Amino acid sequence: MDVKTHDHVVMESDAMERALERIAREIVHEADDSSALALVGIHTGGVFLARRLGRILERDYGLRVPIGTLDINLYRDDWSRLHIQPKVRATVLPFAVDDKDIVLVDDVLFTGRTIRAALDALMDYGRPRRVRVAALVDRGHRELPICAHFVGLELKTRPEEQVNVYLEEKDGADKVVLECRSAA
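Residues numbered from 1 in each chain as written. Predicted model: local features only at pLDDT ≥ 70, side-chain atom pairs only at ≥ 80, totals over all residues. Heavy atoms only, no water.

1. Quick look at the pairing of strand β4 (residues 101–109)
The element β4 is largely enclosed, with a buried count of nine among its nine residues. Here five bridges tie strand β2 (residues 37–42) to β4, and the two strands are oriented parallel to one another. Residue Gly41 lies in a different strand from β4, and its bridge partner there is Val105. Both β4 and strand β5 (residues 130–138) contribute to a ladder of eight bridges, which runs parallel. Looking at the pairing, Leu109 lines up with Asp138 of β5. Crossover β4 to β5 through helix α3 (residues 113–123) is right-handed. (Buried < 20%, exposed > 50% of the residue type's maximum accessible area, 1.4 Å probe, protein only. Helix = DSSP H or I, 4+ residues; strand = E, 2+ residues; numbered from the N terminus. Pairing = 2+ DSSP bridges. Right-handed = clockwise from strand over helix to strand, strands pointing away.)

Given below as structure tokens:
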């Protein structure tokens with residue numbers, strides 16, 4: 001049986017920028033102490049989005065928020081089931097995690113397993129005061145009790161569908177694409 005793939009663009013560059021500006025505004029409004037804020041991007045898409053959020057926070061609110069990157073590959077609960085070795089990237093946290101108000105940033109929130117792994121990894125570096133999640137796209141289908149506090153787009157999907165976030169920094173263009181597979 002042949003499988004056909006149908007792509008549907010659900011967010012383009014302008015909408016992505018507006019979503020990130022809204023997320024930045026919500027982060028500022030919900031911050032108890034903006035001097036304790038820090039952004040931590042989860043490799044790979046979350047890193048680029050955290051950097052963009054940092055630029056928006058500085059441009060629009062005058063906040064210079066420290067930004068870190070987090071590799072969660074060895075914290076995943078499925079890494080031993082993968083058919084290839086996980087590609088380990090650098091975790092860079094240029095600030096003390098203790099007592100920080102950390103916003104974990106990722107491109108797509110799906111089952112919650114990536115965020116669970118990120119929390120495990122983050123706790124190896126210290127004890128933040130609070131950790132919240134920002135996701136560009138929340139597509140539902142949680143397997144764990146994880147939620148995003150800041151969401152750019154809530155997208156109803158079927159479990160077999162794929163949500164792909166393309167970013168200028170790595171893909172040459174900004175867009176979110178819903179990939180649907182069907183039998184031909």
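2. Considering the sheet that holds β4
Overall, parallel pairing links the five strands, which are arranged β3-β2-β4-β5-β6 in an open sheet. The sheet is open, and its two edges are formed by β3 (67–70) and β6 (150–154), each paired on a single side. Across the sheet, the axes of successive neighbouring strands diverge by a mean angle of 25°, strand direction being ignored. Relative to β6, helix α1 (residues 13–30) is tilted by about 150°, and along the sheet it contacts β2, β4, β5 and β6. This element, α3, spans β2, β3, β4 and β5 of the sheet and lies at about 150° to β4. (Axes fitted to C-alpha atoms, helices over the stretch in contact; angles between N-to-C directions. Contact = heavy atoms within 4.5 Å.)

3. Some remarks on the pattern of salt bridges
Inspection of every chain in the model, using the stated rule, returns 18 salt bridges. A salt bridge links Glu143 to Arg113; the shortest N-O distance between them is 2.6 Å. Of this pair, Glu143 sits in the loop between β5 and β6 while Arg113 sits in helix α3; the two residues are 30 residues apart in sequence, bridging distant segments of the chain. The class of Arg113 is partly exposed, set by a relative accessible area of 31%. Where salt bridges share partners, they join Glu30, Asp32, Asp101, Arg130 and Arg132 into one cluster. (Salt bridge = Lys/Arg side-chain N within 4 Å of Asp/Glu carboxyl O.)

4. Some words on the environment of Ala96
As for its position among the elements, Ala96 is in the loop between β3 and β4. Separated by 30 residues in sequence, Ala96 and Gly126 have C-alpha atoms that sit 7.5 Å apart.

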